[in-house]
Amino acid sequence: MYKAPVFQRRALSAACCLALAACGGGSGDTPATKTAGEMATAHPDQTSAAIVANPAAYNPGVASLKALAAFPVGVAVDGGWEARSLVSTPAEQQVVNQHFSQVTPGNIMKMSYLHPDRNTYTFAQADELVNYAAAHDVRVHAHALIWHSDYQVPTFMKNFSGDKTAFLAMLDEHVKTIATHYAGKVQSWDVVNEALNDGGGYRQSLFYQRTGADYLDRAFRAAREADPNATLYYNDYNIESDANKMNTMTGMLDGFKARGVPIDGVGFQMHVYIDWPSTSQIKASLQKVVDRGLKVKISELDIPINNPYSPQYQAGDIKTVYTLDLGLAQKKRYCEVVKAYLDVVPPAQRGGVVVWGVSDPSSWLIQQLFQNRHQDWPLLFDAQYQGKPALRGVADALTGQPCTNLAFVNATGSVNIARSGVTLNRVTSKSTGSVTFTNTTSVTLNGPLHFRLDGLTAGVTLDNASGAQNGAPYMTLPAISLAPGASATVTTTFSNPGKVGIGYTATLISGSL
């Protein structure tokens, strides 16, 4: 998903994990206006997000993500002239139709594409996407009526010569015309996008320079008048991590309430990393909006493998090859973010969770965050539209499973574990036995497989242990694939100097190693 070329950064932690300014298009002004052709070729495809040991080694076992939630589960998509337009890309269609109940047009419903000149509106390409969604029982979260980014502010607005009253009337017409056109066809709108600065205060956008903060009130009022049934959101980035920005936003929301401004919810873009911000920060920020009785939407979720602002990355530890271990760490983080949302936001206030892009090569982060220096894999599906561990992570959160970096699906309930008796070799003082795992699910389960030997007899050690967890030794099968009903048997070897009978319980690890 293409976004604007320039994003802002602000140091928000001593560890140099900087906030990524993004949004529905990226934050900050791009140095030059992009043509449709430039945007369609904004970044090259990546090679497949291959799992090194075996590209086909992971099956997330998720039949339909949207079936697991009572709220919208969405994804940002291309449309119109864009390279991966949903209406003309069968592979995108298959994934979206199977897994998502809502789509966000990533670009084609932005300001300059729908309203390039004062008296000219160009709805055809956005209409095509909206009509496709309707035909496939997918709802639309429309994005966005007002956004500051220079390449998306139409020239006629920049050159507008009237006073504040006339400027606001012009914005009213802009919002009402577009919202009226799509009334009854879209479920919700990002009415105003990114009106606040990192560090707090209002962004000195063209709109703020001409009207102060009044344009926000007017935009929401105009949108409600044009479409009384649409859910209206304010959308921004870093509000889950920047306390000063959050304080400005809550003050804005409180002002809206006092003045009767018709806002329904807040979109947290949630462009986060595997290691930042903390889930406690995320929860505390979500709670501030929940406490105001508004809906909460995770509106643009993506989680890259690399954090370019981390000390490790800056010291040269850059992940340039996708491995299963990296994918499983990402799985855990996706699960934690969605779980934080479910823990804090009551069902009646859940506006949904939207992932910002379908497949890894389409992510705006490749070009804009990483400047095409190397690949990354921030989304739920790889270049071949195969589900990754991250897809399982979201599913685990939605179904109340533990958030782990393990490969097995619902491990303790999906695998039958049996062990043989242990045989002592009195000459070597070694003992051998076996543990057998049987897949009791209807889907293939893929490794690595980690299991722990709890209650091992005192004085006995496991020779082929991979490590210890909670004081008990564990073993790892680095690559395994079990079809439904299939079994795998692992030989266990013990040092048994006392030549005693050995007892233990084999337990599939359900926590993080």
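What counts and what doesn't
Residues numbered from 1 in each chain as written. Predicted model: local features only at pLDDT ≥ 70, side-chain atom pairs only at ≥ 80, totals over all residues. Heavy atoms only, no water. Helix = DSSP H or I, 4+ residues; strand = E, 2+ residues; numbered from the N terminus. Buried < 20%, exposed > 50% of the residue type's maximum accessible area, 1.4 Å probe, protein only. Contact = heavy atoms within 4.5 Å. Areas by Shrake-Rupley, 256 points an atom, 1.4 Å probe, with all protein chains shown as cover. Pairing = 2+ DSSP bridges. Axes fitted to C-alpha atoms, helices over the stretch in contact; angles between N-to-C directions. Parallel < 35°, antiparallel > 145°, perpendicular 65-115°, else oblique. Left-handed = near helix turned anticlockwise from the far one by under 90°. Nonpolar A, V, L, I, M, F, W, Y, C, P; charged D, E, K, R; others polar. Expected span 1.5 Å × (residues − 1). Polar contact = N/O pair within 3.5 Å; in protein donor to acceptor, adjacent residues only side chain to side chain. Salt bridge = Lys/Arg side-chain N within 4 Å of Asp/Glu carboxyl O. Disulfide = S-S within 2.5 Å.

Student: Please clarify how the overall build of the protein chain should be interpreted in this entry.
Tutor: Each helix and strand counted, the protein chain has 15 helices and 21 strands in total. Every one of the 513 residues in the protein chain was classed for burial, and the buried ones make up 57%. Long-range pairs, those at least 24 residues apart, make up 79% of the contacts in the protein chain with a sequence separation of at least 6. Surface exposure of the protein chain reaches about 18600 Å², of which carbon and sulfur atoms provide 50%.

Student: I would appreciate a short explanation of the pairing of strand 15 (residues 449–454) in the present structure.
Tutor: The side chains of a regular strand alternate, first on one face of the sheet and then on the other. For strand 15, the tally of buried residues reaches 5 of 6 residues, placing the bulk of the element in the interior. One ladder, built from 4 bridges, connects strand 15 with strand 18 (residues 472–477); its direction is antiparallel. When the bridges of strand 18 are listed, Arg-452 appears paired with Tyr-474. Pairing of strand 15 with strand 21 (residues 505–508), which is carried by 4 bridges, proceeds in the antiparallel orientation. Counted as the bridge partner of Asp-454 is Thr-505 from strand 21.

Student: Mind showing me how you'd approach the packing of helix 8 (residues 214–226) against helix 9 (residues 243–259) here?
Tutor: Relative orientation and spacing of two packed helices are given, respectively, by the angle between their axes and the distance between those axes. Where helix 8 contacts helix 9, the axes come no closer than 11 Å and their chain directions differ by 55 degrees. In terms of orientation, helix 8 and helix 9 fall into the oblique class. When the axes of helix 8 and helix 9 are compared, the crossing they make is right-handed. Where helix 8 abuts helix 9, its residues Leu-216, Asp-217, Phe-220 and Arg-221 lie against Met-252, Phe-256 and Arg-259.

Student: Whenever I open this one, the sheet that holds strand 6 (residues 188–193) confuses me. Can you help?
Tutor: Pairing between the strands of a sheet is mediated by backbone hydrogen bonds and can be parallel or antiparallel. In space, the 8 strands of this closed barrel follow the order 3-4-5-6-7-8-9-10, with parallel pairing throughout. Strand-to-strand, the axes of this sheet are offset by a mean angle of 25 degrees, without reference to chain direction. Bridge count for strand 7 (residues 231–236) against strand 8 (residues 265–268) is 4 bridges, and the pairing is parallel. Looking at the pairing, Asp-236 lines up with Phe-268 of strand 8. In the packing of helix 8 onto the sheet, the strands contacted are strand 5 (139–147), strand 6 and strand 7, and the crossing angle to strand 6 comes to about 165 degrees.

Student: Is there a simple way to explain the sheet that holds strand 18 in this structure?
Tutor: If you trace the 4 strands from one edge of the open sheet to the other, you get 17-18-15-21, paired in antiparallel fashion. Here the strands that pair on one side only, and so sit at the sheet edges, are strand 17 (467–469) and strand 21. Neighbouring strand axes in the sheet, compared pairwise and without regard to direction, differ in orientation by 40 degrees on average.

Student: How do you make sense of the packing of helix 12 (residues 324–344) against helix 14 (residues 389–398) when you look at a structure like this?
Tutor: For the pair helix 12 and helix 14, interaxial distance at closest approach is 7 Å and the crossing angle is 30 degrees. Classed by the angle they form, the pair helix 12 and helix 14 counts as roughly parallel. Judged by the sense of rotation from one axis to the other, the crossing of helix 12 with helix 14 is right-handed. Between helix 12 and helix 14, the contacting residues are Leu-324, Gly-327, Leu-328, Gln-330, Lys-331, Tyr-334, Cys-335, Val-338, Lys-339 and Leu-342 on the first element and Pro-389, Ala-390, Arg-392, Gly-393, Val-394, Asp-396, Ala-397 and Leu-398 on the second. Residues of the contact of helix 12 with helix 14, tallied by class, amount to 11 nonpolar, 3 polar and 4 charged.

Student: Help me out: how do you make sense of helix 6 (residues 164–181) in this one?
Tutor: A turn of α-helix holds 3.6 residues, and therefore any two residues three or four places apart point the same way. For helix 6, which comprises 18 residues, the first-to-last C-alpha distance of 26 Å matches the rise-based estimate of 26 Å (1.5 Å per residue) to within 8%. The elements touched by buried residues of helix 6 are helix 3 (111–114), strand 5, helix 5 (155–158), strand 6, helix 7 (206–211) and helix 8. The residue sitting at the N-terminus of helix 6 and contributing the capping side-chain oxygen is Asp-163; that oxygen lies 3.3 Å from the backbone nitrogen of Thr-165.

Student: Please explain the pairing of strand 6 as it appears in this structure.
Tutor: Extensive coverage of strand 6 is indicated by the burial of 6 of its 6 residues. Pairing of strand 5 with strand 6 involves 5 bridges; the strand directions are parallel. Residue pairing for strand 6: Trp-147 is matched across the bridge by Asn-193. Pairing between strand 6 and strand 7: 5 bridges, direction parallel. Paired with Trp-189 across the two strands is Leu-232, which belongs to strand 7.

Student: Which parts of the structure should I look at to understand the pattern of salt bridges?
Tutor: Two side chains with opposite charge may pair up if their charged atoms get near one another. Considering all chains together, one arrives at 19 salt bridges under this definition. Here Arg-292 ties to Asp-254 by a salt bridge, and the two come within 2.8 Å at their closest N and O atoms. Highlighted residues: Arg-292 in the loop between helix 10 (279–290) and strand 9 (295–301) and Asp-254 in helix 9, separated in sequence by 38 residues. When its relative accessible area of 31% is taken as the criterion, Arg-292 is described as partly exposed. By sharing partners, the salt bridges in this structure join Asp-198, Asp-236 and Lys-245 into a single network.

Student: Which parts of the structure should I look at to understand the environment of Lys-158?
Tutor: Mapped onto the elements of the fold, Lys-158 is located in helix 5. Along the primary structure Lys-158 and Phe-207 are separated by 49 residues, whereas in three dimensions their C-alpha atoms are 9.3 Å apart. Setting aside anything within four residues of it in sequence, one finds Lys-158 in contact with Asp-150, Val-153 and Leu-206. Among the polar contacts made by the side chain of Lys-158, one reaches the main-chain carbonyl oxygen of Asp-150 at a distance of 3.1 Å.

Student: Where do I start with the state of the cysteines in this structure?
Tutor: Covalently bonding the sulfur atom of one cysteine to the sulfur atom of another cysteine gives a disulfide. If you walk through the whole model with that rule in mind, you get 1 disulfide. Residue Cys-335 pairs covalently with Cys-403 via a disulfide, S to S 2.1 Å. An S-S torsion of about -70 degrees defines the bridge between Cys-335 and Cys-403 as left-handed. Linking Cys-335 in helix 12 with Cys-403 in the loop between helix 14 and helix 15 (411–414), this pair joins segments that are 68 residues apart in sequence.

Student: For this particular structure, what's the right way to read the environment of Thr-104?
Tutor: Along the chain, Thr-104 falls in strand 4 (residues 102–105). On the basis of relative accessible area, Thr-104 is assigned to the buried category, the value being 2%. Dropping the residues within four chain positions of it, Thr-104 is found in contact with Val-75, Ala-76, Val-77, His-141, His-143, Val-354 and Trp-356.

Student: In this structure, what is going on with the environment of Tyr-215? I would like to understand it.
Tutor: Residue position: Tyr-215 is located in helix 8. Between the C-alpha atoms of Tyr-215 and Phe-167, which are 48 residues apart in sequence, the distance is 9.2 Å. Not counting the four nearest positions on each side in its chain, Tyr-215 is found in contact with Ile-146, Leu-168, Leu-171, Val-192, Ala-195, Ser-205, Phe-207 and Tyr-208.

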